[in-house]
Amino acid sequence: MPYSPLASLTLHQLQVFLVTARSGSMRDAAESLGISVPTLSEQIRTLERTIGVHLLIRSPGRRGIQLTANGQILAESSQNALSSLQDGLQRMTRSPEAQRAVVEFGCGSTFSEQLLPDLYSGFRQQ
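Residues numbered from 1 in each chain as written. Predicted model: local features only at pLDDT ≥ 70, side-chain atom pairs only at ≥ 80, totals over all residues. Heavy atoms only, no water.

### Things to note about the overall build of the protein
Quick note on the threshold: Helix and strand assignments come from DSSP, with helices taken as H or I runs of at least 4 residues and strands as E runs of at least 2, each series counted from the N terminus. Exposure is judged per residue with a 1.4 Å probe applied to protein chains only, and the accessible area is read against the type maximum: over 50% gives exposed, under 20% gives buried, and values in between give partly exposed. Any two residues whose heavy atoms approach within 4.5 Å at even a single point are treated as in contact.
The helix and strand inventory of the protein stands at six helices and two strands. From first element to last, N terminus to C terminus, the protein shows the α and β order α-α-α-β-β-α-α-α. Residues counted as buried form 23% of the 126 residues belonging to the protein. Contacts in the protein between residues far apart in sequence, at least 24 positions, make up 48% of those at least 6 positions apart.

Structure follows, in structure tokens:
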């Protein structure tokens, strides 16, 4: 089977790219995502290597960016794909087969032994 970049793409990579594309600024995108500019830059470079094309034109000395023609194509198709996936997930959560009221949590032993039983009991009653 021939190599397909699609097999290596992640939703996280596409979301990071879309935030960057929308913001027009590496600094603003990094801040919005809660990561450093170097981390964001490396994630974009990894995405570019994965699919084999340049996506952004980076302004030297500044953190401003422009999308390449390929970057524009990826931004549009990623937005469509992520919107479609989000729509599907929303429809699934409204289906009669959807699991409801699943709560997972963790805590230290002091909390779990002393406070958790009362909190859990109150939660179950509600």
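### Considerations on the packing of helix 1 (residues 11-23) against helix 4 (residues 69-93)
Put simply, the test is: What counts as an axis is a line fitted to C-alpha atoms, over the stretch in contact for a helix, and the angles between N-to-C directions run from 0 to 180 degrees. Working definition: roughly parallel below 35 degrees, roughly antiparallel above 145 degrees, roughly perpendicular at 65 to 115 degrees, and oblique for all remaining angles. Handedness of a crossing follows from how the near helix is turned relative to the far one, being left-handed for an anticlockwise turn of less than a right angle and right-handed for a clockwise one.
Two numbers describe how helix 1 lies on helix 4: the axes approach to 10 Å, and their chain directions differ by 120 degrees. With respect to each other, helix 1 and helix 4 are oriented oblique. As for how helix 1 packs across helix 4, the hand of that crossing is left-handed. Of the residues in helix 4, those in contact with Leu-11, Leu-14, Gln-15, Phe-17, Leu-18, Ala-21 and Arg-22 of helix 1 are Gly-71, Leu-74, Ala-75, Ser-78, Gln-79, Leu-82 and Leu-85.

### Structural notes on the side chain of Glu-48
Our working definition: Counted as a polar contact is a pair of N or O atoms within 3.5 Å, where, for protein atoms, one must be capable of donating a hydrogen and the other of accepting one, and residues adjacent in sequence contribute only when both atoms are in side chains.
Residue position: Glu-48 is located in helix 3 (residues 37-51). Engagement of the side chain of Glu-48 in a polar contact is seen with the backbone nitrogen of Leu-55, the distance being 2.8 Å.

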